[in-house]
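Reading the structure
Okay, here's what each chain looks like letter by letter:
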Amino acid sequence: MKESRIKNQESRVSNLESGISKIGIIGSGTMGIGIAQVAATAHCEVFLYDANFSQTEKSLKNFKTTLNKLAVKGKISAEKSLEIFNQIKPCQEIKELKDCDLVIEAIIENKEIKQKVFAELETYVSEKCVLGSNTSSISITSLQAELKNPERFIGIHFFNPAPLMPLVEVIPGLLTENNLAQEIVDLLKSWGKSPIIAKDVPGFIVNRIARPFYGEALRIVEENLATPEQVDDAMKSLGNFKMGPFELMDLIGIDVNFSVTKTVYQDYFFDPKYKPSLLQQRMSEAKLLGRKTGKGFYDYSDGREKQVPQKDKSLYEMIFMRIISMLINEAVEAKRLGIANDEDIETAMQKGVNYPKGLLNWGKEIGYPKISEVLQNLYEVYQEERYRQSPLLRKLN
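Here we summarise the structure given alongside this text. In this text, all values refer to a predicted model and were calculated from it rather than measured experimentally.

What counts, and where the lines are drawn
- Residues numbered from 1 in each chain as written.
- Predicted model: local features only at pLDDT ≥ 70, side-chain atom pairs only at ≥ 80, totals over all residues.
- Heavy atoms only, no water.
- Axes fitted to C-alpha atoms, helices over the stretch in contact; angles between N-to-C directions.
- Helix = DSSP H or I, 4+ residues; strand = E, 2+ residues; numbered from the N terminus.
- Parallel < 35°, antiparallel > 145°, perpendicular 65-115°, else oblique.
- Contact = heavy atoms within 4.5 Å.
- Nonpolar A, V, L, I, M, F, W, Y, C, P; charged D, E, K, R; others polar.
- Buried < 20%, exposed > 50% of the residue type's maximum accessible area, 1.4 Å probe, protein only.
- Salt bridge = Lys/Arg side-chain N within 4 Å of Asp/Glu carboxyl O.
- Core = buried A, V, L, I, M, F, W, Y, C linked by side-chain atoms within 4.5 Å.
- Polar contact = N/O pair within 3.5 Å; in protein donor to acceptor, adjacent residues only side chain to side chain.
- Phe/Tyr/Trp six-rings, centres within 6.5 Å; stacked < 30°, edge-to-face > 60°.
- Lys NZ or Arg CZ within 6 Å of the ring centre and 35° of its normal.

**A closer look at the packing of helix α15 (residues 342-352) against helix α16 (residues 359-366)**
- It is at 8 Å that the axes of α15 and α16 come closest, and there the two elements cross at 95°. Taken together, the axis directions place α15 and α16 in an arrangement best described as roughly perpendicular. Contacts between α15 and α16 pair Asp342, Ile345, Glu346 and Met349 from the former with Leu359, Leu360 and Asn361 from the latter.
- Of the residues that constitute the contact of α15 with α16, the class distribution is 4 nonpolar, 1 polar and 2 charged.

Printed below as a string of C-alpha coordinates:
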(Lines give C-alpha, C1' and ligand atoms only; values in the text may rest on other atoms or scores of the structure.)
Protein backbone atom coordinates (compact mmCIF):
# COMPACT_ATOMS: atom_id res chain seq x y z
CA MET A 1 0.00 0.00 0.00
CA LYS A 2 2.83 2.40 0.89
CA GLU A 3 4.65 1.70 -2.40
CA SER A 4 1.39 2.29 -4.30
CA ARG A 5 0.88 5.64 -2.60
CA ILE A 6 4.45 6.73 -3.35
CA LYS A 7 3.94 5.80 -7.00
CA ASN A 8 0.65 7.72 -7.14
CA GLN A 9 2.28 10.71 -5.49
CA GLU A 10 5.11 10.79 -8.04
CA SER A 11 2.71 10.54 -10.97
CA ARG A 12 0.53 13.33 -9.64
CA VAL A 13 3.48 15.61 -8.93
CA SER A 14 4.74 15.04 -12.47
CA ASN A 15 1.27 15.75 -13.81
CA LEU A 16 0.99 19.02 -11.89
CA GLU A 17 4.44 20.20 -12.89
CA SER A 18 3.65 19.59 -16.56
CA GLY A 19 0.54 21.76 -16.18
CA ILE A 20 -2.98 20.59 -15.50
CA SER A 21 -5.01 21.13 -18.63
CA LYS A 22 -8.31 19.33 -18.01
CA ILE A 23 -10.47 20.50 -15.11
CA GLY A 24 -13.74 18.90 -14.07
CA ILE A 25 -16.32 20.92 -12.14
CA ILE A 26 -19.21 19.18 -10.41
CA GLY A 27 -22.07 21.57 -9.75
CA SER A 28 -23.07 24.36 -12.12
CA GLY A 29 -24.54 26.79 -9.61
CA THR A 30 -23.00 30.18 -8.78
CA MET A 31 -19.78 28.74 -7.36
CA GLY A 32 -19.41 26.00 -9.97
CA ILE A 33 -19.75 28.31 -12.97
CA GLY A 34 -17.51 30.85 -11.23
CA ILE A 35 -14.71 28.31 -10.73
CA ALA A 36 -15.23 27.13 -14.30
CA GLN A 37 -14.70 30.71 -15.48
CA VAL A 38 -11.47 31.01 -13.49
CA ALA A 39 -10.08 27.78 -14.94
CA ALA A 40 -11.22 28.55 -18.48
CA THR A 41 -9.66 32.03 -18.31
CA ALA A 42 -6.40 30.28 -17.34
CA HIS A 43 -6.59 28.35 -20.65
CA CYS A 44 -7.75 25.08 -19.09
CA GLU A 45 -10.25 22.81 -20.79
CA VAL A 46 -13.21 22.65 -18.42
CA PHE A 47 -15.80 19.88 -18.15
CA LEU A 48 -18.90 21.16 -16.33
CA TYR A 49 -21.28 18.57 -14.86
CA ASP A 50 -24.44 18.93 -12.80
CA ALA A 51 -26.95 16.20 -11.92
CA ASN A 52 -29.56 18.66 -13.24
CA PHE A 53 -28.45 19.33 -16.83
CA SER A 54 -31.01 22.13 -17.23
CA GLN A 55 -29.13 23.98 -14.48
CA THR A 56 -25.92 23.66 -16.52
CA GLU A 57 -27.67 25.02 -19.61
CA LYS A 58 -29.13 27.92 -17.63
CA SER A 59 -25.78 28.76 -16.01
CA LEU A 60 -23.94 28.70 -19.34
CA LYS A 61 -26.58 30.95 -20.91
CA ASN A 62 -26.18 33.47 -18.08
CA PHE A 63 -22.41 33.12 -18.27
CA LYS A 64 -22.43 33.95 -21.98
CA THR A 65 -24.46 37.09 -21.22
CA THR A 66 -21.92 38.07 -18.55
CA LEU A 67 -19.01 37.60 -20.94
CA ASN A 68 -20.78 39.65 -23.63
CA LYS A 69 -21.29 42.48 -21.14
CA LEU A 70 -17.60 42.38 -20.22
CA ALA A 71 -16.73 42.59 -23.92
CA VAL A 72 -19.10 45.52 -24.49
CA LYS A 73 -17.53 47.37 -21.55
CA GLY A 74 -14.08 46.71 -22.98
CA LYS A 75 -12.98 44.59 -20.01
CA ILE A 76 -12.07 41.77 -22.39
CA SER A 77 -12.04 41.45 -26.16
CA ALA A 78 -14.86 39.77 -28.07
CA GLU A 79 -12.36 37.13 -29.16
CA LYS A 80 -11.30 36.44 -25.56
CA SER A 81 -14.94 36.26 -24.50
CA LEU A 82 -15.64 33.58 -27.11
CA GLU A 83 -12.43 31.73 -26.27
CA ILE A 84 -13.28 31.52 -22.55
CA PHE A 85 -16.83 30.36 -23.26
CA ASN A 86 -15.69 27.67 -25.71
CA GLN A 87 -13.25 26.28 -23.12
CA ILE A 88 -16.21 25.02 -21.05
CA LYS A 89 -17.81 21.75 -22.14
CA PRO A 90 -21.25 20.91 -20.67
CA CYS A 91 -21.54 17.28 -19.53
CA GLN A 92 -24.70 15.26 -19.06
CA GLU A 93 -23.06 12.36 -17.20
CA ILE A 94 -20.41 12.31 -14.49
CA LYS A 95 -18.39 9.71 -16.40
CA GLU A 96 -17.58 12.43 -18.97
CA LEU A 97 -15.07 13.74 -16.39
CA LYS A 98 -13.00 10.54 -16.71
CA ASP A 99 -10.02 12.18 -18.45
CA CYS A 100 -9.70 15.14 -16.10
CA ASP A 101 -6.46 15.94 -14.26
CA LEU A 102 -8.30 17.72 -11.43
CA VAL A 103 -11.98 17.62 -10.45
CA ILE A 104 -13.44 20.23 -8.09
CA GLU A 105 -16.83 19.59 -6.51
CA ALA A 106 -19.04 22.61 -5.80
CA ILE A 107 -22.43 21.26 -4.78
CA ILE A 108 -24.73 21.47 -1.75
CA GLU A 109 -23.07 21.60 1.70
CA ASN A 110 -24.08 18.08 2.69
CA LYS A 111 -21.39 15.58 3.68
CA GLU A 112 -23.30 12.44 2.72
CA ILE A 113 -24.23 13.76 -0.73
CA LYS A 114 -20.64 14.88 -1.40
CA GLN A 115 -19.26 11.50 -0.31
CA LYS A 116 -21.67 9.70 -2.63
CA VAL A 117 -20.64 11.88 -5.57
CA PHE A 118 -16.92 11.33 -4.96
CA ALA A 119 -17.39 7.58 -4.55
CA GLU A 120 -19.02 7.45 -7.99
CA LEU A 121 -16.47 9.80 -9.52
CA GLU A 122 -13.61 7.62 -8.30
CA THR A 123 -14.86 4.75 -10.43
CA TYR A 124 -14.31 6.79 -13.61
CA VAL A 125 -11.23 8.99 -13.17
CA SER A 126 -7.63 7.77 -13.33
CA GLU A 127 -5.47 7.34 -10.23
CA LYS A 128 -3.50 10.40 -11.34
CA CYS A 129 -6.56 12.65 -11.04
CA VAL A 130 -6.63 14.99 -8.04
CA LEU A 131 -10.02 15.34 -6.34
CA GLY A 132 -10.96 18.59 -4.62
CA SER A 133 -13.95 19.95 -2.73
CA ASN A 134 -15.05 23.56 -2.61
CA THR A 135 -16.72 22.97 0.76
CA SER A 136 -16.71 26.01 3.03
CA SER A 137 -17.00 24.16 6.33
CA ILE A 138 -17.15 20.34 6.06
CA SER A 139 -14.15 18.35 7.28
CA ILE A 140 -11.85 17.37 4.42
CA THR A 141 -10.70 14.32 6.38
CA SER A 142 -14.30 13.12 6.76
CA LEU A 143 -14.89 13.51 3.02
CA GLN A 144 -11.73 11.67 1.98
CA ALA A 145 -11.98 8.86 4.51
CA GLU A 146 -14.40 6.76 2.44
CA LEU A 147 -12.41 6.99 -0.80
CA LYS A 148 -10.23 4.25 -2.30
CA ASN A 149 -7.39 6.76 -2.76
CA PRO A 150 -7.88 9.36 -0.02
CA GLU A 151 -4.34 10.68 -0.43
CA ARG A 152 -5.27 12.47 -3.69
CA PHE A 153 -8.15 14.38 -2.06
CA ILE A 154 -7.90 18.00 -0.86
CA GLY A 155 -10.04 21.02 0.00
CA ILE A 156 -9.97 23.87 -2.56
CA HIS A 157 -12.27 26.56 -1.17
CA PHE A 158 -13.00 29.52 -3.46
CA PHE A 159 -14.90 32.60 -2.28
CA ASN A 160 -17.95 34.09 -3.94
CA PRO A 161 -17.81 35.48 -6.59
CA ALA A 162 -14.97 33.15 -7.57
CA PRO A 163 -13.78 35.15 -10.62
CA LEU A 164 -13.36 38.31 -8.50
CA MET A 165 -12.33 37.15 -5.04
CA PRO A 166 -8.58 36.41 -5.01
CA LEU A 167 -8.44 34.14 -1.95
CA VAL A 168 -8.57 30.35 -2.16
CA GLU A 169 -8.14 28.21 0.97
CA VAL A 170 -6.23 24.99 0.27
CA ILE A 171 -6.97 22.42 2.98
CA PRO A 172 -5.16 19.08 3.21
CA GLY A 173 -6.88 16.36 5.24
CA LEU A 174 -5.06 13.96 7.54
CA LEU A 175 -4.74 11.46 4.67
CA THR A 176 -3.70 13.93 1.95
CA GLU A 177 -0.25 13.51 0.39
CA ASN A 178 2.26 15.76 2.09
CA ASN A 179 3.25 17.78 -0.97
CA LEU A 180 -0.14 18.01 -2.69
CA ALA A 181 -1.24 21.20 -0.91
CA GLN A 182 1.79 23.14 -2.11
CA GLU A 183 1.34 21.81 -5.64
CA ILE A 184 -2.27 23.03 -5.67
CA VAL A 185 -1.13 26.39 -4.28
CA ASP A 186 1.32 26.71 -7.18
CA LEU A 187 -1.41 25.79 -9.66
CA LEU A 188 -3.82 28.38 -8.24
CA LYS A 189 -1.15 31.06 -8.35
CA SER A 190 -0.77 30.33 -12.06
CA TRP A 191 -4.53 30.96 -12.30
CA GLY A 192 -4.01 34.42 -10.77
CA LYS A 193 -5.35 33.56 -7.32
CA SER A 194 -3.97 34.19 -3.81
CA PRO A 195 -4.05 30.71 -2.22
CA ILE A 196 -3.18 29.94 1.40
CA ILE A 197 -2.88 26.62 3.20
CA ALA A 198 -5.22 26.07 6.16
CA LYS A 199 -5.60 23.33 8.76
CA ASP A 200 -8.58 21.01 8.48
CA VAL A 201 -10.56 22.56 11.33
CA PRO A 202 -14.26 23.55 11.24
CA GLY A 203 -14.66 26.66 9.12
CA PHE A 204 -10.96 26.54 8.12
CA ILE A 205 -9.60 30.12 8.44
CA VAL A 206 -12.16 32.60 7.12
CA ASN A 207 -15.44 30.96 8.12
CA ARG A 208 -14.12 30.24 11.61
CA ILE A 209 -12.73 33.71 12.31
CA ALA A 210 -15.66 35.52 10.64
CA ARG A 211 -18.42 33.88 12.68
CA PRO A 212 -18.71 36.75 15.22
CA PHE A 213 -19.18 39.28 12.42
CA TYR A 214 -22.58 37.70 11.88
CA GLY A 215 -23.23 36.02 15.24
CA GLU A 216 -22.60 39.02 17.45
CA ALA A 217 -24.48 41.32 15.09
CA LEU A 218 -27.48 38.99 15.28
CA ARG A 219 -27.22 38.84 19.08
CA ILE A 220 -27.28 42.66 19.28
CA VAL A 221 -30.43 42.83 17.12
CA GLU A 222 -32.10 39.92 18.94
CA GLU A 223 -31.69 41.84 22.19
CA ASN A 224 -33.28 44.95 20.64
CA LEU A 225 -30.14 46.96 21.32
CA ALA A 226 -30.03 48.16 17.71
CA THR A 227 -31.60 47.63 14.29
CA PRO A 228 -29.89 45.81 11.40
CA GLU A 229 -29.53 49.19 9.69
CA GLN A 230 -27.76 50.66 12.72
CA VAL A 231 -25.41 47.69 13.06
CA ASP A 232 -24.47 47.86 9.38
CA ASP A 233 -24.00 51.63 9.52
CA ALA A 234 -21.81 51.36 12.63
CA MET A 235 -19.51 48.76 11.08
CA LYS A 236 -19.20 50.73 7.84
CA SER A 237 -18.77 54.18 9.38
CA LEU A 238 -16.47 53.23 12.28
CA GLY A 239 -14.71 50.22 10.78
CA ASN A 240 -14.70 51.05 7.07
CA PHE A 241 -16.22 47.67 6.22
CA LYS A 242 -17.55 47.70 2.67
CA MET A 243 -20.70 45.92 3.78
CA GLY A 244 -22.32 45.50 7.17
CA PRO A 245 -23.08 42.01 8.54
CA PHE A 246 -26.78 42.10 7.62
CA GLU A 247 -26.11 43.37 4.09
CA LEU A 248 -23.52 40.64 3.69
CA MET A 249 -25.82 37.90 5.01
CA ASP A 250 -28.46 39.04 2.50
CA LEU A 251 -25.88 38.84 -0.28
CA ILE A 252 -24.51 35.41 0.74
CA GLY A 253 -27.97 34.01 1.43
CA ILE A 254 -29.27 33.83 4.99
CA ASP A 255 -29.84 30.09 4.65
CA VAL A 256 -26.27 29.52 3.40
CA ASN A 257 -24.76 31.60 6.20
CA PHE A 258 -26.94 29.82 8.76
CA SER A 259 -25.90 26.41 7.41
CA VAL A 260 -22.20 27.24 7.76
CA THR A 261 -22.77 28.51 11.30
CA LYS A 262 -24.58 25.29 12.27
CA THR A 263 -21.81 23.15 10.79
CA VAL A 264 -19.05 25.03 12.63
CA TYR A 265 -21.07 24.90 15.88
CA GLN A 266 -21.69 21.15 15.62
CA ASP A 267 -18.15 20.32 14.53
CA TYR A 268 -16.72 22.21 17.50
CA PHE A 269 -18.85 20.01 19.77
CA PHE A 270 -21.37 22.78 20.42
CA ASP A 271 -18.87 25.39 21.61
CA PRO A 272 -20.99 28.39 22.79
CA LYS A 273 -18.73 30.75 20.84
CA TYR A 274 -20.31 29.55 17.60
CA LYS A 275 -23.92 29.15 18.76
CA PRO A 276 -26.34 29.85 15.88
CA SER A 277 -28.99 32.57 16.03
CA LEU A 278 -32.68 31.82 16.50
CA LEU A 279 -33.48 34.96 14.47
CA GLN A 280 -31.46 33.61 11.56
CA GLN A 281 -33.24 30.26 11.83
CA ARG A 282 -36.64 31.95 11.72
CA MET A 283 -35.59 34.00 8.67
CA SER A 284 -34.49 30.78 6.94
CA GLU A 285 -37.78 29.06 7.81
CA ALA A 286 -39.75 32.00 6.41
CA LYS A 287 -37.71 31.85 3.16
CA LEU A 288 -36.58 35.42 3.76
CA LEU A 289 -33.15 34.59 2.41
CA GLY A 290 -31.90 37.94 1.18
CA ARG A 291 -31.26 39.18 -2.35
CA LYS A 292 -32.04 35.86 -4.03
CA THR A 293 -35.62 35.88 -2.70
CA GLY A 294 -36.10 39.65 -2.90
CA LYS A 295 -36.30 40.11 0.85
CA GLY A 296 -34.13 39.32 3.86
CA PHE A 297 -33.04 41.76 6.51
CA TYR A 298 -33.63 44.34 3.77
CA ASP A 299 -36.39 44.62 1.16
CA TYR A 300 -35.07 44.51 -2.42
CA SER A 301 -38.38 45.26 -4.12
CA ASP A 302 -38.18 47.61 -7.10
CA GLY A 303 -37.95 51.21 -5.97
CA ARG A 304 -37.76 50.30 -2.29
CA GLU A 305 -35.25 52.54 -0.53
CA LYS A 306 -33.30 51.55 2.55
CA GLN A 307 -34.31 53.21 5.77
CA VAL A 308 -31.85 55.76 7.06
CA PRO A 309 -30.77 54.56 10.52
CA GLN A 310 -30.98 56.80 13.56
CA LYS A 311 -27.36 57.54 14.39
CA ASP A 312 -26.22 57.35 18.00
CA LYS A 313 -22.51 57.81 18.71
CA SER A 314 -22.34 55.80 21.94
CA LEU A 315 -24.52 53.02 20.49
CA TYR A 316 -22.37 52.84 17.37
CA GLU A 317 -19.18 52.64 19.43
CA MET A 318 -20.69 49.82 21.51
CA ILE A 319 -21.70 47.90 18.37
CA PHE A 320 -18.32 48.33 16.72
CA MET A 321 -16.21 47.46 19.77
CA ARG A 322 -18.34 44.44 20.63
CA ILE A 323 -18.09 42.92 17.14
CA ILE A 324 -14.48 43.86 16.40
CA SER A 325 -13.31 42.54 19.78
CA MET A 326 -14.94 39.18 19.09
CA LEU A 327 -13.33 39.05 15.63
CA ILE A 328 -9.86 39.94 16.90
CA ASN A 329 -10.17 37.35 19.67
CA GLU A 330 -10.94 34.68 17.04
CA ALA A 331 -7.94 35.73 14.96
CA VAL A 332 -5.67 35.56 18.01
CA GLU A 333 -7.01 32.10 18.86
CA ALA A 334 -6.39 30.93 15.28
CA LYS A 335 -2.82 32.19 15.65
CA ARG A 336 -2.43 30.35 18.98
CA LEU A 337 -3.69 27.07 17.51
CA GLY A 338 -1.50 27.35 14.41
CA ILE A 339 -4.47 27.17 12.04
CA ALA A 340 -2.39 29.42 9.79
CA ASN A 341 0.57 31.76 10.18
CA ASP A 342 0.10 35.45 10.95
CA GLU A 343 0.53 36.58 7.36
CA ASP A 344 -2.00 34.06 6.04
CA ILE A 345 -4.53 34.95 8.73
CA GLU A 346 -4.30 38.61 7.73
CA THR A 347 -4.44 37.79 4.01
CA ALA A 348 -7.40 35.45 4.47
CA MET A 349 -9.65 38.05 6.07
CA GLN A 350 -8.69 40.86 3.74
CA LYS A 351 -8.85 38.89 0.48
CA GLY A 352 -11.51 36.37 1.45
CA VAL A 353 -14.15 38.65 2.97
CA ASN A 354 -12.80 42.11 2.11
CA TYR A 355 -12.02 43.24 5.64
CA PRO A 356 -10.40 46.69 5.55
CA LYS A 357 -7.49 45.58 7.76
CA GLY A 358 -5.89 42.41 9.02
CA LEU A 359 -7.40 41.56 12.42
CA LEU A 360 -4.09 40.94 14.20
CA ASN A 361 -2.79 44.35 13.18
CA TRP A 362 -6.16 45.86 14.03
CA GLY A 363 -5.80 44.40 17.52
CA LYS A 364 -2.40 46.09 17.90
CA GLU A 365 -3.88 49.36 16.68
CA ILE A 366 -6.80 49.38 19.12
CA GLY A 367 -4.68 47.80 21.83
CA TYR A 368 -5.00 44.18 22.91
CA PRO A 369 -5.61 45.22 26.55
CA LYS A 370 -8.66 47.20 25.36
CA ILE A 371 -9.97 44.17 23.44
CA SER A 372 -9.45 42.05 26.55
CA GLU A 373 -11.35 44.58 28.65
CA VAL A 374 -14.34 44.61 26.28
CA LEU A 375 -14.56 40.80 26.32
CA GLN A 376 -14.19 40.65 30.10
CA ASN A 377 -17.04 43.13 30.49
CA LEU A 378 -19.25 41.10 28.15
CA TYR A 379 -18.43 37.93 30.07
CA GLU A 380 -19.36 39.57 33.37
CA VAL A 381 -22.68 40.75 31.96
CA TYR A 382 -23.71 37.53 30.21
CA GLN A 383 -21.81 34.87 32.17
CA GLU A 384 -21.44 32.91 28.92
CA GLU A 385 -18.49 30.97 27.55
CA ARG A 386 -19.27 32.71 24.27
CA TYR A 387 -17.16 35.63 25.50
CA ARG A 388 -14.17 33.73 26.83
CA GLN A 389 -10.80 35.08 25.75
CA SER A 390 -8.07 33.28 23.90
CA PRO A 391 -5.31 32.37 26.39
CA LEU A 392 -2.95 34.23 24.09
CA LEU A 393 -4.92 37.50 24.10
CA ARG A 394 -3.96 38.54 27.64
CA LYS A 395 -0.28 37.99 26.81
CA LEU A 396 -0.28 40.37 23.86
CA ASN A 397 0.47 44.07 24.23
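**Topic: the side chain of Gln37**
- Within the element layout of this structure, Gln37 appears in helix α2 (residues 30-41).
- Under the relative-accessibility criterion, Gln37 is labelled buried at 15%.
- The residues touching Gln37, leaving out its near neighbours within four places in the chain, are Phe63, Ile88 and Pro163.

**Quick word on the pattern of salt bridges**
- Enumeration according to the criterion identifies 22 salt bridges in this entry.
- When the shortest N-O distance is used, the salt bridge between Lys95 and Glu93 registers 3.6 Å.
- With relative accessibility at 40%, the residue Lys95 sits in the partly exposed group.
- On the accessibility criterion, Glu93 (41% relative accessible area) is partly exposed.
- In this structure, the salt-bridge partner of Glu109 is Lys114, at a minimum N-O distance of 3.3 Å.

**Details of the nonpolar core**
- Formed by 86 residues in total, the largest nonpolar core has its most connected members in Leu97 and Leu359.
- If one sorts the elements of this core by residue count, helix α14 (residues 313-336) sits on top with 13 residues.
- Discounting residues that sit within four places of it in the chain, Leu97 has contacts with Gly24, Ile26, Phe47, Tyr49, Cys91, Val103, Leu121 and Val125.

**Some thoughts on the side chain of Glu247**
- Relative to the elements of secondary structure, Glu247 occurs in helix α11 (residues 245-252).
- Overall, Glu247 belongs to the buried group, its relative accessible area being 8%.
- Only 2.9 Å separates the side chain of Glu247 from the backbone nitrogen of Gly244, close enough to count as a polar contact.
- Apart from the residues within four sequence positions on either side, Glu247 is in contact with Asp232, Lys236, Tyr298 and Lys306.

**Describing the environment of Pro202**
- With respect to the helices and strands, the residue Pro202 is situated in the loop between β8 (194-197) and α8 (206-209).
- Sequence spacing of Pro202 and Asp267 is 65 residues, and the spatial spacing of their C-alpha atoms is 6.0 Å.
- With sequence-adjacent residues up to four places away left out, Pro202 is seen in contact with Ser137, Arg208, Val264, Asp267 and Tyr268.

**Concerning α15**
- Among all positions in α15, only Asp344, Ile345, Glu346, Thr347, Ala348, Met349 and Gly352 are buried.
- On its buried face, α15 sits against β7 (167-172), β8, α8, α14 and α16.
- The N-terminus of α15 is capped by Asn341, whose side-chain oxygen sits 3.2 Å from the backbone nitrogen of Glu343.
- Remark: Asn354 follows α15 within two positions and exhibits a positive phi of approximately 60°.

**Digging into the packing of aromatic side chains**
- On inspection of all chains with the given rule, the structure shows 12 aromatic pairs.
- Ring geometry for Phe118 and Phe153: centres 4.8 Å apart, planes at 85°, overall edge-to-face. Highlighted residues: Phe118 in helix α5 (residues 111-121) and Phe153 in strand β6 (residues 153-158), separated in sequence by 35 residues.
- Judged by centre distance (5.0 Å) and plane angle (35°), the ring pair of Phe213 and Phe241 falls under tilted. With Phe213 in helix α9 (residues 211-222) and Phe241 in the loop between α10 (228-239) and α11, this pair connects stretches of sequence that are 28 residues apart. Each member of the pair, Phe213 as well as Phe241, is classed as buried.
- The positively charged end of Lys64 is found above the aromatic ring belonging to Phe85, 5.1 Å away from the centroid.
- The lysine or arginine in question, Arg219, covers the ring of Tyr382, its NZ or CZ lying 5.4 Å from the ring centre.

Any functional reading would require information beyond the geometric quantities listed.
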